[in-house]
Amino acid sequence: QPPLSNQMKALEEELGTKLFIRGKRQLQLTDAGRLLLLRATQILDMTEKAQHEVMSLEGGMSGTINLGIVEGRAPFLTARWIAGFKEEFPNVKYSMWNGSSDDVLDRLRQGLVDLAVIAAPYDTEHLEGITVGRGPWVAIMSRSNELAGGSDTIPLKSLAGKPLIVPSRPSRIDAIRAWFAEADAEPNIICTLSNYLDAVAMSELDIGITIFPRTTYTPNDLLVTKIITGPAKQIEYVLVRMKNREPSELMTEFINYVRDTEDTTAA
């Protein structure tokens, strides 16, 4: 009892006001005492909530992030995000599926993936997106091809009349035709495909020159890759989700991480 009484008296002296009405057999709070009790309770509640939130962010968050990814630079962008996000949330797991933009978007609409990294343009009416990177379009050709020598760039007009292998996405074919039209030429498209390894196989045997987004793979001594110029063509990568689906706490955290990462990279 004496230590408690001393603490109560010390608190009143510290605040410069009377907190307790002391009776012979009971103790009551003054208005100041009731206000202090209310605020103290709120502070303790907020402290407990903050502890739970911090513990959750520190590693308690778990679940699986299902990602659909196009080829090109997208897998390497995604790997960078996962490497950083894994440090903050080690209990999170990942499932990745690779395909063309159309295939990836189809899986996104079906709910088979939560997020997708695709190449622009995209349906902004139904999708919400973040631009996450850009890269050049390149010409991939056999080392024995007549255009393989010289610099690591190639004017688009040099590809006119050559047998070309291009991505199968309709919007990509239209864009490539438009590029050549700007150069007063017509592309000789002999094959369409959606997979980089297919492009490698076709180009190695000099069946044609592949126009494809630049990627980062183990160097291939049988191939030469040249950045297309005249003018240079860029592909834009976008992280998208369905607008009509409320993202989970995990998805929101991942999207925010990607956004912060890309803002920092841009800066």
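Residues numbered from 1 in each chain as written. Predicted model: local features only at pLDDT ≥ 70, side-chain atom pairs only at ≥ 80, totals over all residues. Heavy atoms only, no water.

Engineer: Would you explain the overall build of the chain in this entry?
Structural biologist: Summing up its helical and strand segments, the chain has seven helices and 12 strands in all. In summary, the chain has a C-alpha radius of gyration of 30 Å against a globular reference of 18 Å for 267 residues, an excess of more than 25%. With respect to the principal axes defined by its C-alpha atoms, the chain has extents near 105 × 35 × 30 Å. If you take every contact in the chain between residues at least 6 apart in sequence, the share linking residues at least 24 apart comes to 75%. Total accessible area on the chain stands at roughly 15400 Å², and carbon and sulfur atoms take up 53% of it. Distance between charge centres in the chain, computed from 28 positive and 35 negative side chains, equals 6 Å. (Helix = DSSP H or I, 4+ residues; strand = E, 2+ residues; numbered from the N terminus. Rg over C-alpha atoms; globule rule 2.2 N^0.38 Å. Contact = heavy atoms within 4.5 Å. Areas by Shrake-Rupley, 256 points an atom, 1.4 Å probe, with all protein chains shown as cover. Lys, Arg positive; Asp, Glu negative; His and termini not counted. Charge placed at Lys NZ, Arg CZ, Asp CG, Glu CD.)

Engineer: For this particular structure, what's the right way to read the nonpolar core?
Structural biologist: For soluble globular proteins, the rule of thumb is that nonpolar side chains tend to be buried together. Ranked by size, the top nonpolar core spans 55 residues in total, and within it Ile65, Val132, Leu159 and Ile211 carry the most contacts. Listed in part, the nine residues of the second largest apolar core include Val138, Ala199, Val200 and Phe212. (Core = buried A, V, L, I, M, F, W, Y, C linked by side-chain atoms within 4.5 Å. Buried < 20%, exposed > 50% of the residue type's maximum accessible area, 1.4 Å probe, protein only.)

Engineer: Honestly, helix α5 (residues 170-182) in this entry has me stumped. Any pointers?
Structural biologist: What sets the pattern is the α-helix's 3.6 residues per turn: residues three or four places apart point alike. An ideal rise of 1.5 Å per residue puts 18 Å on 13 residues; α5 measures up with 19 Å between its terminal C-alpha atoms. Looking only at α5, the buried set comprises Arg172, Ile173, Ile176, Trp179 and Phe180. Buried residues along α5 cover an arc of 120 degrees about the axis, so they all sit on one side. For α5, the exposed residues set more than 90 degrees away from the buried face come down to Pro170, Asp174 and Glu182. (Expected span 1.5 Å × (residues − 1). Arc of directions from axis to C-beta.)

Engineer: What is the right way to look at the packing of aromatic side chains in this model?
Structural biologist: Any pair of aromatic rings gets described here by the distance separating the centres and the angle formed by the planes. Applying the stated criterion across every chain yields a total of five aromatic pairs. Relative to phenylalanine 254, the ring of phenylalanine 85 has its centre 5.1 Å away and its plane inclined at 85 degrees; by these criteria the two rings are edge-to-face. Taken as a pair, phenylalanine 85 in helix α3 (residues 74-88) and phenylalanine 254 in helix α7 (residues 249-266) lie far apart in primary sequence, 169 residues in all. Like phenylalanine 85, the residue phenylalanine 254 is buried in the burial classification. Connected via pairs of aromatic rings, a cluster forms that spans Phe85, Phe89, Phe254 and Tyr257. (Phe/Tyr/Trp six-rings, centres within 6.5 Å; stacked < 30°, edge-to-face > 60°.)

Engineer: Please explain a nonpolar patch on the surface as it appears in this structure.
Structural biologist: Together, Leu11, Leu15 and Leu36 make up a nonpolar patch on the protein surface, roughly 220 Å² of accessible area in all. Relative to the assigned elements, leucine 36 resides in helix α2 (residues 31-60). Take leucine 36: its relative accessible area is 31%, and that puts it in the partly exposed class. (Patch = residues over 30% accessible without salt bridge, like charges linked within 9 Å, V, L, I, M, F, W, Y side chains within 5 Å. Salt bridge = Lys/Arg side-chain N within 4 Å of Asp/Glu carboxyl O.)

Engineer: Explanation requested: the pairing of strand β6 (residues 127-142) in the structure shown.
Structural biologist: Residues in a regular strand project their side chains so that they alternate between the two faces of the sheet. For β6, the tally of buried residues reaches 12 of 16 residues, placing the bulk of the element in the interior. Inspection of the sheet shows β6 paired to strand β12 (residues 234-242) by nine bridges, in the antiparallel sense. The residue bridging glycine 135 from the neighbouring strand is isoleucine 235, located in β12. By the bridge criterion, four bridges tie β6 to strand β10 (residues 209-213) in an arrangement that is antiparallel. Bridged to alanine 139 within β10 is isoleucine 211. Bridge count for β6 against strand β11 (residues 223-229) is five bridges, and the pairing is antiparallel. Paired with isoleucine 140 across the two strands is threonine 225, which belongs to β11. (Pairing = 2+ DSSP bridges.)

Engineer: Quick question: what am I supposed to make of the side chain of threonine 261 here?
Structural biologist: Note that threonine 261 resides in helix α7. Assessed through its relative accessible area of 18%, threonine 261 is described here as buried. Excluding residues that lie within four positions of it along the chain, threonine 261 makes contacts with Arg80 and Trp81.

Engineer: When you look at helix α4 (residues 101-110) in this model, what are you seeing that I'm missing?
Structural biologist: Along α4, the residues classified as buried are Ser101, Val104, Leu105 and Leu108. Each buried residue of α4 sits inside an arc of 95 degrees when the element is viewed along its axis, so together they form one side. Structurally, α4 contributes buried residues whose contacts are with β3 (63-69), β4 (92-98), β5 (115-119), β6 and β12. Phi turns positive, to about 80 degrees, at glycine 111, one or two residues after α4.

Engineer: Can you help me understand the pairing of β11 in this one?
Structural biologist: Two elements, strand β7 (residues 153-155) and β11, share three bridges in a ladder whose sense is parallel. Within the sheet, the bridge partner assigned to isoleucine 154 lies in β11 and is isoleucine 228.

Engineer: Is there a simple way to think about the side chain of lysine 226 in this case?
Structural biologist: Along the chain, lysine 226 turns up in strand β11. Here lysine 226 sits buried without a salt bridge, and the closest side chain of opposite charge, aspartate 152, lies 7.0 Å off (N-O distance). In contact with lysine 226, other than residues within four places in its own chain, are Trp137, Val138, Ala139, Met141, Leu147, Ala148, Gly149, Gly150, Ser151, Asp152, Thr153 and Ile154.

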